[in-house]
Amino acid sequence: MSPAATPKFKNPRAKYNFQGRSCSITGVGSYVPAKVLTNTDLEKMVDTSDEWITTRTGIKERRLAAQNEFTSDLAAQAAGRALQQAGLTAQQLDLIVVATITPDMPFPSTACLVQDKLGAHRAAAFDVQAACSGFIYGLEIAQQFIMSRTYDTVLVIGAEKLSSIVDWEDRNTCVLFGDGAGAAVLQNRPNAHGLLTAVMGADGQKADLLFMPGGGSRCPASAESVASRLHFLRMEGKETFKNAVQAMQTAAEEALRRCEIDISRIKCIIPHQANRRIIDAVVERLGARPEQLFVNLHRYGNTSAASVAIALDEAVASGRIHRGDLILLVVFGAGLTWGAAVIEW
Ligand code: ACO
């Protein structure tokens, strides 16, 4: 085989003989609420400073949804844009997967509410809960349905109204999070590669590093649980930080190993946008160059399941990603959960 004819990477899916079938992202979209909350605004709410937040996290501002704007609204906005880019109508969708830890309500699923808002009457719909890793979990679920020929067209959304579960009196956490949504349409695109591999992992032994104690079957809402502030998220920052760096490095290396590609071949690395110091540590451990990175956390903070979905949309819109480029997504979240995906755009 001449060097020109050498495949540029190995597609791990190929060994299952999918007969030319692929799972490609054919449209992306995102939506963030209009209201901006800056670090200077936060200085008036808790004992913090722009200087502390910027140096410890890299975040400068985040978006807050309006009181009458819910996760399903953010999700539907992002989804509409992704469908438009894919050139599809909502009626063509076979399945809607919404990744979120802030559903409109415990049930029905936010995906069902989004299905109704879009008018996607043919589509099955369900939520996936993997915290900040939810979007990659959703991509892998979509891939499984498409490659198995169960469905042709799947919408995956990461959407959060984290402002509804943030304790605005706790400076350790309230400076970190924001609201928003990102979406991707996945389709069988013949003679293409698309999503090459997705690594997913979890460690329930570390569930107590990042969790919300109240509101579930263990601690249903009561006057007491509200007074004890149990319906807000809680986090062990330092331990979460260490685990995030390790898990993201391991997941990214496993995804690259499966495709037999070196990190230098990746055009754009899109990490979970939680903390600039976590991102820099992961990139250094992977041996990547800073110019391979896409970062937007200074504008939105940590939007959990929406984080890499919004960043992916912005990377495409800003011309950082073109058809044929290799992309690496890498995430980490409560659970603990983690994941990485390699995509040929
Ligand atoms: N402003 C000023 N001071 C603060 C603030 C604040 N907003 N928050 C904490 N501090 C103080 C602390 O009280 C502490 O003071 P002390 O030394 O007097 O006790 C001091 O700053 C240092 O606190 P540390 O916890 O040591 O700060 P650290 O350098 O670890 O940074 C941070 C904290 C930013 C939270 C970091 O640990 C982190 O980013 N962790 C990972 C968080 C993350 O990514 N979470 C999301 C996971 S994804 C998901 O599923 C949602």
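A brief structural summary.

Criteria and cut-off values
Residues numbered from 1 in each chain as written. Predicted model: local features only at pLDDT ≥ 70, side-chain atom pairs only at ≥ 80, totals over all residues. Heavy atoms only, no water. Pairing = 2+ DSSP bridges. Helix = DSSP H or I, 4+ residues; strand = E, 2+ residues; numbered from the N terminus. Axes fitted to C-alpha atoms, helices over the stretch in contact; angles between N-to-C directions. Contact = heavy atoms within 4.5 Å. Near = heavy atom within 4 Å. Polar contact = N/O pair within 3.5 Å; in protein donor to acceptor, adjacent residues only side chain to side chain. Nonpolar A, V, L, I, M, F, W, Y, C, P; charged D, E, K, R; others polar. Phe/Tyr/Trp six-rings, centres within 6.5 Å; stacked < 30°, edge-to-face > 60°. Buried < 20%, exposed > 50% of the residue type's maximum accessible area, 1.4 Å probe, protein only. Disulfide = S-S within 2.5 Å. Salt bridge = Lys/Arg side-chain N within 4 Å of Asp/Glu carboxyl O. Expected span 1.5 Å × (residues − 1).

1. Some details on the sheet that holds strand E8 (residues 194–202)
Part 1 of the argument: In space, the four strands of this open sheet follow the order E8-E13-E12-E11, with mixed pairing throughout. Only two strands of the sheet have a single partner each, and these edge strands are E8 and strand E11 (268–271). Taking the axes of each pair of neighbouring strands and ignoring which way they run, one obtains an average angle of 10° across the sheet.
Part 2 of the argument: For strand E12 (residues 326–333) and strand E13 (residues 337–344), the ladder comprises eight bridges, and the chain directions are antiparallel. Looking across to E13, one finds that Leu 326 is bridged to Glu 344.
Part 3 of the argument: Its contacts with the sheet put helix H5 (residues 134–147) on E8, E12 and E13, and the angle it makes with E8 is roughly 125°.

2. Section: the site of the ligand
Part 1 of the argument: With respect to spatial proximity, 26 residues lie near the ligand, and among them Thr 48, Arg 56, Cys 132, Lys 238 and Asn 275 are the closest.
Part 2 of the argument: Residue Trp 52 places a side-chain N or O atom 3.3 Å away from an oxygen atom belonging to the ligand.
Part 3 of the argument: Going through the elements one at a time, helix H2 (50–57), helix H6 (171–174), helix H8 (237–259), helix H9 (276–286) and E12 are the ones with two or more residues in the shell around the ligand.
Part 4 of the argument: The biggest single contributor to the shell around the ligand is H8, with four residues.
Part 5 of the argument: For the shell around the ligand, a count of residues per class yields twelve nonpolar, nine polar and five charged.

3. Focus on the sheet that holds strand E4 (residues 95–99)
Part 1 of the argument: The strand order across the open sheet formed by five strands is E1-E7-E6-E4-E5, and the pairing between neighbours is mixed. Bordering the open sheet on either side are strand E1 (24–31) and strand E5 (124–128), each of which pairs with just one other strand. For this sheet, the mean angle separating the axes of adjacent strands, direction not counted, is 15°.
Part 2 of the argument: By the bridge criterion, nine bridges tie strand E6 (residues 153–161) to strand E7 (residues 179–187) in an arrangement that is antiparallel. Looking at E7, one finds that Thr 153 is bridged to Gln 187.
Part 3 of the argument: Here H5 sits on the sheet in contact with E4, E5, E6 and E7, set at roughly 165° to E6.

4. Describing the packing of aromatic side chains
A ring pair, where both rings are aromatic, is described by two values, the distance of the centres and the angle of the planes.
Part 1 of the argument: Under the definition given, this model contains one aromatic pair.
Part 2 of the argument: Aromatic side chains Phe 145 and Tyr 151 sit 5.2 Å apart centroid to centroid with 40° between the ring planes, which places their arrangement in the tilted category.
Part 3 of the argument: Tyr 151 gets classed as partly exposed once you look at its relative accessible area, which sits at 23%.

5. Things to note about the state of the cysteines
Part 1 of the argument: One pass over the full model with this rule turns up zero disulfides.
Part 2 of the argument: Left without a disulfide partner, Cys 174 is nearest to the cysteine sulfur of Cys 132, which lies 17 Å away.
Part 3 of the argument: What makes Cys 174 buried here is its relative accessible area of 0%.

6. With respect to the environment of Thr 240
Part 1 of the argument: Relative to the helices and strands, Thr 240 resides in helix H8.
Part 2 of the argument: C-alpha of Thr 240 to C-alpha of Phe 332: the two residues are 92 residues apart in sequence and 9.5 Å apart in space.
Part 3 of the argument: Within the structure, the side chain of Thr 240 is placed 2.6 Å from the backbone oxygen of Glu 236, a separation counted as a polar contact.

7. Comments concerning the pattern of salt bridges
Part 1 of the argument: Considering all chains together, one arrives at 15 salt bridges under this definition.
Part 2 of the argument: The residue Glu 254 makes a salt bridge to Arg 258 at a minimum N-O spacing of 3.0 Å. Of this pair, Glu 254 and Arg 258 both sit in helix H8, four residues apart, which is roughly one turn of the helix.
Part 3 of the argument: For Glu 254, a relative accessible area of 23% puts it in the partly exposed group.
Part 4 of the argument: Through salt bridges with shared partners, one network takes in Asp 167, Glu 169 and Arg 229.

8. Structural notes on H5
Part 1 of the argument: With 14 residues, H5 should reach 20 Å at 1.5 Å per residue; the first-to-last C-alpha distance of 20 Å fits that figure.
Part 2 of the argument: Turning to H5, its buried residues are Gly 134, Phe 135, Ile 136, Tyr 137, Gly 138, Leu 139, Glu 140, Ala 142, Gln 143, Ile 146 and Met 147.
Part 3 of the argument: Trailing H5 by a residue or two, Arg 149 shows a phi angle of about 65°, which is positive.

So far we have only geometry, and geometry alone does not tell us how the molecule works.
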